[in-house]
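Summary of structural features
Each chain, written out:
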Amino acid sequence: MDSNSSQLESREQAPNQQLPFLHTSQSTHKTLFIPSKFIWPKGDLVEAYERLSEPHVDLEGFLKGDKKATIEASKIVRKACLKHGFFQLTNHGVDQNLLATALDKMGPLFNLPLSLKTRASQTRAAKMWGFSTAHSNRFSSKLPWKETFSFEFDHSCNISNNEPPVVHFFSSTLGKEFEEIGMVYEKYCQAMRELSLALTEVLGISLGVERSYFRKFFEDGSSIMRLNSYPICEQGGVALGTGPHCDPTALTILHQDQVGGLEVFANNKWHTVPPSPNSLVVNIGDVFMALCNGEYKSCVHRAVVNKHKERRSLAFFLCPRKDKVVRPPEKLVAGDGSRKYPDFSWSELFEFTQKHYRADAVTLQNFSKWVVSSRPCGV
Ligand SMILES: C=C1C[C@]23C[C@H]1CC[C@H]2[C@]1(C)CCC[C@@](C)(C(=O)O)[C@H]1[C@@H]3C(=O)O
Ligand SMILES: O=C(O)CCC(=O)C(=O)O
Ligand SMILES: [Fe+2]
């Protein structure tokens, strides 16, 4: 844990110091040798030679209430989650226009001058909210080759509010003229909330727990939405867009453009995940792995960089309410009676990744040890 936590940047830095990809799309300047802060260890860079597209889970029948199709979908989900925690969704019911617009609007957003984008930086106490360029204000090494906008999405939020929260995030930081873009992401988050809650039902069925069990658990949650932009990186084989990690959250729905770059670790090897039009990528995260007592795998994945094209993706991270206790239902413990992870609240795990430990492929393991050692009575 030491080598990981030492990457956390303790000093406040001037944001965006000499980052090589600033204004990539507006400038002809080429950066052949990138700063050492962007160089990742060889072990994290091992290439992927195989593809992983399967399984595709067709949600149409489930969404229409067809019992046979629901059982079929839950069986496919179960097999994938027992193995690696990754699958793709087709016929997911999300408006294709909304999906296309959400990706399209990222162009004008990330192409804004850096001075404007940084107005949306660090809008909240935790440093991860708002705009970030390479997380350079948070970490001192292994910087990710990406820019991101991150914001919270409270499940109780209602679009008929005067100024819904996502619209407020964009208009209050970037200006009133960003209300329209804000509304696109507000609608996108609403759609992802519905889809992710529907997925919790499929997961419940697949685990043999009551269908609505996980829906109820996440219904009043507060999720995280992140827009990722991966600039062109001309120096091959040293940088990563996002390093190998498991999402500490519960469930991630990823919408990626057609460039490609997502890779998943399965059967002890890295696999490319070629973009599949009309599909959304889903992966299990640490909170869900803990909720099912380790039965389903939190998916180890990363995003590689591209020498020729910029890449964009949108990640919706389903999270419970901050104070909710993450504890598996009886049914999933009863087998051998032993618990794989201690009880914890989502806010404890979230804070762990923001204050003490940079999320990686073994966050849950290290978090569990930390919880057990820091509580007087262990679990
Ligand atoms: C709770 C979170 C921590 C991260 C953002 C959300 C969900 C995913 C996590 C992250 C993407 C895992 C890889 C490392 C990270 C630092 C990143 O590269 O962006 C992670 C996020 C973070 O702490 O910002
Ligand atoms: O952009 C991608 O393909 C993956 C991003 C990711 O894993 C993340 O943001 O957690
Ligand atoms: Fe991820």
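Residues numbered from 1 in each chain as written. Chains lettered and ligands numbered in written order. Predicted model: local features only at pLDDT ≥ 70, side-chain atom pairs only at ≥ 80, totals over all residues.

Counted only if it meets this: UniProt positions are given in the numbering used here, feature names are shortened, and annotations may be inferred rather than shown by experiment.
Per an unreviewed UniProt entry, the recorded name for the protein chain is Fe2OG dioxygenase domain-containing protein, and the organism is Citrullus colocynthis. Annotation of the protein chain in UniProt includes, under Sequence similarities (unreviewed entry), the sentence "Belongs to the iron/ascorbate-dependent oxidoreductase family."

Side note on the site of ligand 2
Going by this rule: Proximity of a residue to a molecule or strand is defined by its backbone-placed C-beta atom lying within 6 Å of that partner. Under the DSSP-based scheme used, a helix requires at least four consecutive residues in state H or I and a strand at least two consecutive residues in state E, with every element numbered from the N terminus. Three classes are used, and their members are as follows: Ala, Val, Leu, Ile, Met, Phe, Trp, Tyr, Cys and Pro are nonpolar, Asp, Glu, Lys and Arg are charged, and the others, Gly among them, are polar.
In the vicinity of ligand 2, the contacting residues are Arg226, Asn228, Thr242, Asp247, Leu254, Gln256, Gly261, Leu262, His301, Ala303, Ser313 and Ala315. Looking at the shell around ligand 2, the elements with two or more residues in it are β6 (222-230), β8 (251-256), β12 (301-303) and β13 (311-318). Of the residues contributing to the shell around ligand 2, the split by class is four nonpolar, six polar and two charged.

Quick word on the environment of Glu219
With respect to the helices and strands, the residue Glu219 is situated in helix α10 (residues 213-219). Considered as a pair, Glu219 and Asp154 are 65 residues apart in the sequence and their alpha carbons are 9.9 Å apart.

Some thoughts on the packing of helix α4 (residues 67-83) against helix α9 (residues 179-207)
What counts, and what does not: Lines fitted to C-alpha atoms define the axes here, with helix axes fitted over just the stretch in contact, and angles between the N-to-C directions of these axes take values from 0 to 180 degrees. Each angle is binned into one of four classes, with values under 35 degrees roughly parallel, values over 145 roughly antiparallel, values of 65 to 115 roughly perpendicular, and all other values oblique. What counts as a contact here is a pair of residues whose C-beta atoms, placed from the backbone, lie within 7 Å.
At a closest axis distance of 8 Å, the pairing of α4 and α9 adopts a crossing angle of 80°. On the basis of the axis angle, α4 is roughly perpendicular to α9. Two secondary-structure elements touch here, α4 through Thr70, Ala73, Ser74, Val77 and Arg78 and α9 through Val202, Leu203, Ile205 and Ser206. A class-by-class count of the residues in the contact of α4 with α9 yields five nonpolar, three polar and one charged.

Some details on the UniProt feature "domain: Fe2OG dioxygenase" (unreviewed entry) in the protein chain
Under the feature "domain: Fe2OG dioxygenase" (unreviewed entry), the UniProt entry names residues 221-320. Helix makes up 6% of residues 221-320 and strand 44%, with an end-to-end C-alpha separation of 4 Å.

Side note on the site of ligand 1
Close to ligand 1 lie 14 residues; Met128, Pro144, Thr242, His245 and Ala359 are nearest. Put simply, the parts of the chain that give the shell around ligand 1 at least two residues each are β7 (242-245) and α12 (346-356). Partitioned by chemical class, the residues of the shell around ligand 1 number seven nonpolar, five polar and two charged.

Some thoughts on the nonpolar core
What counts here: Note on definitions: a nonpolar core is a set of buried residues drawn from Ala, Val, Leu, Ile, Met, Phe, Trp, Tyr and Cys, linked by C-beta atoms within 7 Å. To sort residues by exposure, count the other C-beta atoms lying within 10 Å of each residue's C-beta; 20 or more gives buried, 12 or fewer gives exposed, and values between give partly exposed, all with C-beta atoms placed from the backbone.
One finds Trp145, Val287, Phe288 and Phe316 to be the most contacted residues of the largest nonpolar core, which totals 94 residues. Looking at this core element by element, the count peaks at twelve residues for α9. Setting aside chain neighbours within four positions, we find Trp145 in contact with Phe21, Phe38, Ala134, Tyr230, Pro231, Cys233, Ala239, Leu240, Gly241 and Val305.

Observations regarding α4
Note the following rule: For a helix, the expected span equals 1.5 Å multiplied by the residue count minus one. Think of it as the arc spanned by the lines of direction from the helix axis to the C-beta atoms.
The end-to-end C-alpha distance of α4, which contains 17 residues, comes to 25 Å, matching closely the 24 Å that a straight helix rising 1.5 Å per residue would cover. Within the sequence span of α4, burial applies to Thr70, Ala73, Ser74, Val77, Ala80 and Cys81. The buried residues of α4 occupy one face: seen down the axis, they fall within an arc of 130°. Those residues of α4 that are exposed and aimed more than 90 degrees away from the buried face are Lys68 and Leu82. Among the structural elements, β2 (56-58), α3 (60-64), β3 (86-90), α9 and β11 (280-284) are those in contact with the buried residues of α4. A positive phi of about 85° marks Gly85, the residue just after α4.

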